[in-house]
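Observations on the model geometry
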Amino acid sequence: MIVSYNWLKEFIDIECSVSELADKITMAGLEVDSVKKIETYDAVIGQIAKITSKNGLNIYKVDTGNGFTEIVSTGKRLNVNDKIAFVENGKKFKDTIIKSKEFGEFKSNGVILSAYDFGMDAPSDEGLVLEETAKNGAKLNSIDEFNDYLIEIEFTPNRADALSILGVARDIKALTKKELKYPNKDFKTNGKKIEDIISAKIENYANCPRYTLAAVDIKVKPSPFFIKMRLLKSGIRPINNIVDITNYVLMAFGQPMHAFDADKIDGSITIRNAQIQEKITALDSKEYELDEDMLVISDDKKAIAIAGVMGGEESSISDKTTTILLESAHFNPTSVRLTARKLKLHTEASHRFERGVDPNLCIDATSYALKLLSLYADAKIYEGIIDLKEHSFESKKIICKYSGINKLLGSNFNKDEIFEVMQNLQFKPQNQDNDSFIVYAPTYRFDMENEADVAEEVARIMGYGNITATMPVVSVSFKEENKINSYQKRVAEALSYMGMFEVINYSFTESSRLKLFDKDEDKFVYLKNPLIENQSVMRTTIACGLMDNLVFNINKGAKTVPIFEFGRVFFKDKDYVKESYKIGFLMWGNTPLNWFEKERFYDFYDIKGVSEAIAGISNSSFIYKRSEKEFLHPKRSADLFLQNENLGYIGELHPDLYEVFGIKFDRKKRILIGELSAGCLIERLNNINMYKKIPKIPTVTRDLAVVADKDIDVQDIISTIKNNENIYSATLFDVYDQLKEKNKKSLAFRLILKNNSDSTFKDTEIDEIVNSVYNEIENKFNVKLRG
Amino acid sequence: MNSIKKEFDSLVKSVEDKESLKQLKSSFVGKKGKITHFFKQMNGLPDVSKREFGRKINELKGYIEDEIRKKSQEIDKFVKQRALEQELIDISLPARINKFGAVHPITKTIIEIENIFQSLGFNVEIGPEIEYDKYNFEMLNIPKEHPARDMQDTFYVNDNVLLRTHTSPTQIRIMKDTPPPVMFVSPGKVYRRDSDITHSPMFHQIEGLLIDKNIRFSDLKGVLIQFLQMFFGDVPVRFRPSYFPFTEPSAEVDIGCIMCKGKGCRVCSHTGFLEVLGCGMVHPNVLANVEYGKEYNGFAFGLGIERFAMLKYGIDNIKLFFENDIRFLNQFSYMAGKTL
């Protein structure tokens, strides 16, 4: 909400500068987003002396206070004698110097300003007409309304009470201890009685606890300059004096008001629930279909307003209106909120009603409006105000303790200080005993329930800065490490050291993409209200996001993309959702370029390196079995098992899928992808290996080179070798598959022998062991010693 | 004899390698050397002269042998030195280390924040990302139709299940299952139906909760000032009243703008302050909802990880975190400052 500093000063004396004021109220909970001075630059006041219209142009002869000048305008025609703001050629407005402009045969000596030129919500082609008393030739900022600051305040939802000039002034009163200045609300009636013209009843007191109506004969015309200006400053477009006055009272007091054209009302007024599918065309000229949970204001025939939200078009004020019914009511916040939300119709009125409008404000607001109508709409007021309510609206009584407030805040405010704050906030404090006191929260404070609420009032008015920081004394002890959290850190660190980049992707994706990697559609979790279609289903796999990242980076010219993500995936589980953790990883492109290694392309064994590192973090080892996943290359992929549990897969993306992602298949640059369920890896995070004794005698190593059939898995040979009781370890150190025999490969292993006794091996013993190893693998895999 | 010494001196100076030195040695003190030749000449001399002559020759021989030895050492040293010099390498060549890889700046920031709170005695807890409406809103004192729900536009899975809009439901989950006292932080992803230059539909928060006997608003100030100054350095911290349905009193915390040092700039909208987190004393209704006794109270706080990371690293667009451009990620490498 934008608050005019001048308007505010009508409610309370302010002795500090506007920036100090902004700081003060910010620190008391009304957050000031910005303070802007209205700048008028070189604008001066002039008066239209004569108008010549030709070819859609208006050529104004303007009295500049010290002669006349001609200004040409294409905008809406002004009237003779109108006071206007203009800038002469060669003078400055905003960042520009006004330049001479020619309209065919006419030359303009300046420009006439509109409210739009001051950043206000108004048509740009409508010259702003100033007050009649403005002095020709004077600077524009000699007019009070142009010598003002606009204070933009962001209100938290609990502070409905402050959503008006008066509301802000009340906080300033509490802070500065100045008295509020309520505007004069006197008006005179015309002798006729309101009963002669209208009657009203409430059918649903729960949703409309109070409804008041006044009746007035009026004359519709433009509002005076200051009302127009203040509405413009508040972001409201002036319409006519009647509508403007209801809006003016809304901004001043926070009471939404509505004026009906009395001649358009059939019979009496009833506040009732709408009928199913009842329709109304509102002030915005749109038709709304209502339901029976919505409250309407109705005459004998039809709904004439959506209660607390918007009036109807048919009964609205027109140029011909001569008598109005002025509504000032209190509606149930939840009811208004539900209606506004269902209709997607949010107005200044609904905004306030759904947060809470003081039920005791209705008559005051009406009285002020009637006074303004007397002054600016030639009002003749019918005697009496219809005021429907079942009961009066009492202040909430809260019992507090001084010690309780200081204990909660950790403060040392003394009783008098606290008492005074309560007084200044109009909470009418009364001391009970030595420590207890009672406050009566005003009916505009919907946020007051208990001592903690009162403590906050004390703290915000005394200033949060006046509570000295302390460190808590706690009896909590450190519980235990959170394994998921620790695991995530370990994975992130380990894989990044290996040369992988951690990525973070949205948890929602596109179902068509998801289906490429996960056929189990029944388990997908869909969002009811996604922002966009390709973010409508919760991921069950990390792969989609990684593929998106790959495409993004390729398009940005990346040559090397090694990435991983640890995150959650989501599966439908009856009415709820099961969440679990996965680690996904992807490699594509050239290995990192450097001067010491030959550049190559990532292949299956690189991605296997990642899965092995992941196994290592959890002190586990995986079994790799050929995978049959449709999205993977049938001959270059593996399913990974930990004990008997399938944790996931690694492999090359199936060549057919590249196109789906808009990536051209390149035989050399394969996409390697892998994904593992992290649940049991997290569980094994703190698994340790017990220390094994180091043999006292020096290590004996022997190399063994064999030729094997290509389709034999080396893993099987290695585990056979390792099963030999005399072998400590076997390391594959050479693989060569370009032999003359095309279906063969050569393999070389370095064996470390295990000495099961304490004495040194004899050469014959070593030969015996190596031979026995060779014989085993020869028998099992039909390998031959390499010649 | 002097001329021989002079000749030797000049010759030995020009010797540069062991082989020439050996030749030089034999040409003076070898079997056919000049000194040996003198000894042979000595035979024809009278005894007195012989003795005198012999002494001088021996002296010269000794001198030559010494010089040869010295020269030999010199050559050894020179040869070694030259061998080392030939092993010159370019020490400016990049190291033989993998320059790729980085932890995502969000993870990095979460770890840093967790470490600070863990050092202050907080545990770490993790909550689900898909939540019941009950935990995300109702038990946090945000009933259906509460205007505060407007502050957090929500993604729904069904009427009762949603993507959590903040990490606060973890408070409820932990308190429901753990008797007081509790003291933890809880990082994680949160979701809001909002997407523009400054908003991402998914982002990260870290929640903090401390419930014990005798916890005061002043303690909340103490802990958060400590944390913010550990994270951002020695910055001014201010607390100002705000509103969250689940805390009372509530506060918004600002730090002095780290870009302009409080002078006012574009980043802080010329206020000199940056809003960094929300906090407050846990609302009595929330404590009642989890059936904590009246003798317990405490504070809660929540902050956006992206905002902290953006301020700390000077990142100006939240989208960068989720585009995962390698050129962006690489700037957060453990080898920060390296180039791709």
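No experiment lies behind these values; they were computed from the predicted model shown.

Quick notes on the rules
Residues numbered from 1 in each chain as written. Chains lettered and ligands numbered in written order. Predicted model: local features only at pLDDT ≥ 70, side-chain atom pairs only at ≥ 80, totals over all residues. Heavy atoms only, no water. Helix = DSSP H or I, 4+ residues; strand = E, 2+ residues; numbered from the N terminus. Rg over C-alpha atoms; globule rule 2.2 N^0.38 Å. Buried < 20%, exposed > 50% of the residue type's maximum accessible area, 1.4 Å probe, protein only. Contact = heavy atoms within 4.5 Å. Areas by Shrake-Rupley, 256 points an atom, 1.4 Å probe, with all protein chains shown as cover. Lys, Arg positive; Asp, Glu negative; His and termini not counted. Charge placed at Lys NZ, Arg CZ, Asp CG, Glu CD. Domains from an automatic or database assignment. Pairing = 2+ DSSP bridges. Axes fitted to C-alpha atoms, helices over the stretch in contact; angles between N-to-C directions. Buried area = accessible area lost by both parts, 1.4 Å probe. Salt bridge = Lys/Arg side-chain N within 4 Å of Asp/Glu carboxyl O. Polar contact = N/O pair within 3.5 Å; in protein donor to acceptor, adjacent residues only side chain to side chain.

Describing the overall build of chain B
Per the secondary structure count, chain B includes twelve helices and nine strands. A compact globule built from 340 residues would reach a C-alpha radius of gyration of about 20 Å, whereas chain B, at 42 Å, exceeds it by more than 25%. Once the C-alpha set of chain B is aligned to its principal axes, its extents read approximately 135 × 40 × 40 Å. Looking at chain B as a whole, 53% of its 340 residues qualify as buried. In chain B, the proportion of contacts linking residues at least 24 apart, taken out of those at least 6 apart, comes to 65%. Carbon and sulfur atoms make up 51% of the accessible area of chain B, which amounts to about 15,900 Å² in all. Across chain B, 47 positive and 44 negative side-chain charges occur, with their mean positions spaced 14 Å apart.

Points about the domain arrangement of chain B
Considered domain by domain, chain B is made up of domain 1 (2–86) and domain 2 (105–335). Here the C-alpha centroids of domain 1 of chain B and domain 2 of chain B sit 89 Å apart.

Some details on the pairing of strand β20 (residues 295–298) of chain A
All names here are of chain A. Alternating positions in β20 separate into two faces, Leu295 and Ile297 on one and Val296 and Ser298 on the other, with burial throughout. Relative to β20, strand β17 (residues 269–273) runs antiparallel, the two being bridged by four bridges. When the bridges of β20 are listed, Thr270 appears paired with Ser298. Linking β20 back to strand β21 (residues 303–306) in an antiparallel pair, the connection comprises four residues.

Notes on the sheet that holds strand β4 (residues 182–191) of chain B
Each strand in a sheet pairs with another by means of backbone hydrogen bonds, the pair being arranged parallel or else antiparallel. Residues and elements named next belong to chain B. Spatially, β1-β4-β5-β9-β8-β7-β6 is the arrangement adopted by the seven strands of the open sheet, whose pairing is mixed. On the outer flanks of this sheet lie β1 (123–124) and β6 (237–244), each paired with one strand and no other. Relative to strand β7 (residues 247–256), β6 runs antiparallel, the two being bridged by seven bridges. Within the sheet, the bridge partner assigned to Phe244 lies in β7 and is Thr247. Here helix α5 (residues 105–119) sits on the sheet and contacts β1, β4, β5 (202–213) and β9 (296–304); the angle it forms with β5, its principal contact strand, is near 10 degrees.

A look at the interface of chain A and chain B
Between chain A and chain B, the residue contacts involve 88 residues of the former and 98 residues of the latter. Across the interface of chain A and chain B, roughly 8,000 Å² is buried in total on both sides, 59% from carbon and sulfur atoms. Our count for the contact surface shared by chain A and chain B stands at five salt bridges. Of the charged contacts, one joins B:Glu114 and A:Lys489 as a salt bridge, the two residues approaching to 3.0 Å between their closest N and O atoms. Our count for the contact surface shared by chain A and chain B stands at 37 residue pairs in polar contact (both at pLDDT 80 or more).

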